[in-house]
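Structural features, examined
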Amino acid sequence: MELLTERLLLRPLKMEDADALYACSCGPNVGPSAGWKPHQSPEETRALMEPVFLRPGVFGIFVKQSGTLVGSIGLIDDPRREYERSRMLGYSLGEPYWGHGYMTEAGRAVLDYGFGTMGLLVISAYCYPFNARSIRVLQKLGFSYEGTLCLCEKRYDGAVLDNQCYALTAEQFCKQKKTP
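Residues numbered from 1 in each chain as written. Predicted model: local features only at pLDDT ≥ 70, side-chain atom pairs only at ≥ 80, totals over all residues. Heavy atoms only, no water.

Things to note about the nonpolar core
Under the convention used in this document: Residues grouped as a nonpolar core are buried Ala, Val, Leu, Ile, Met, Phe, Trp, Tyr and Cys residues, joined through side-chain atoms within 4.5 Å. Here the term buried applies to any residue with accessible area under 20% of the maximum for its type, exposed to any over 50%, and partly exposed to those in between, with areas from a 1.4 Å probe on protein chains only. Helix and strand labels come from DSSP, where a helix needs a run of H or I of at least four residues and a strand needs a run of E of at least two; each type is numbered from the N terminus. Any two residues having at least one pair of non-hydrogen atoms within 4.5 Å are treated as being in contact.
With 32 residues, the main nonpolar core has Leu10, Ile73, Leu89 and Phe143 as its most contacted residues. A total of 8 residues in this core trace back to one element, the largest contributor, which is helix 3 (residues 102-117). Not counting chain neighbours up to four residues away, the residues in contact with Leu89 comprise Ile73, Gly74, Leu75, Val110, Ile123, Ser124, Ala125, Leu138, Leu141 and Phe143. Among the nonpolar cores identified, the runner-up in size contains 9 residues, and Ala18, Cys24, Met49 and Leu69 belong to it.

A closer look at the pattern of salt bridges
Opposite charge on two side chains makes pairing possible when the charged atoms of those side chains draw close. So the rule is basically this: By convention in these notes, a salt bridge is any Lys or Arg side-chain nitrogen within 4 Å of a carboxyl oxygen on Asp or Glu.
Evaluation of the coordinates by the stated rule reveals 11 salt bridges. Among the salt bridges present, the one from Arg7 reaches Glu105, with a minimum N-O distance of 2.7 Å. Placement of Arg7 in the loop between strand 1 (3-4) and strand 2 (8-11) and of Glu105 in helix 3 is noted, with a sequence separation of 98 residues between them. Take Arg7: its relative accessible area is 30%, and that puts it in the partly exposed class. For Glu105, a relative accessible area of 14% translates into the label buried. Between Glu171 and Lys175 there is a salt bridge, and its shortest N-O distance comes to 3.4 Å. Residue Glu171 and its partner Lys175 are located together in helix 5 (residues 170-178), separated by 4 residues, close to a single helical turn. One exposure class covers both Glu171 and Lys175, and it is exposed.

Here is the structure:
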């Protein structure tokens, strides 16, 4: 399954994408904002391909014009919601590509896929309170803030951090699509 937007192609990742994904995942500011350490080597990225990136509902984000892989996005099971018509939105974007609107554009396509094709009723997202960029993407996508889970996640470096919780229902998504 491929998703197309004005500037992007979203497609399932392949093992051959590992080196390009490493380039997006090794920057010092990418992973820590999402809870994972920057990838240390292409081999580490390759080892993570099967359990993390080669899963149903996970897409690589490619710039159509250049074919460059700039990040990943996906809808995966939400460990905090025990409901088969819910998924959690997760995403990562290589630092050189921040500030171009790519994640919001990719997010809209994935939400449309989730609510339209998958028939989901709710999509959640979680981020650290200090991750202003991610919070802004979620706001642009129409997510509603649900609250903060205090001291709920132990990060790779031992820090125990809060998670801000966001959700978007199919009904909310349909209303915002109809609004010009």
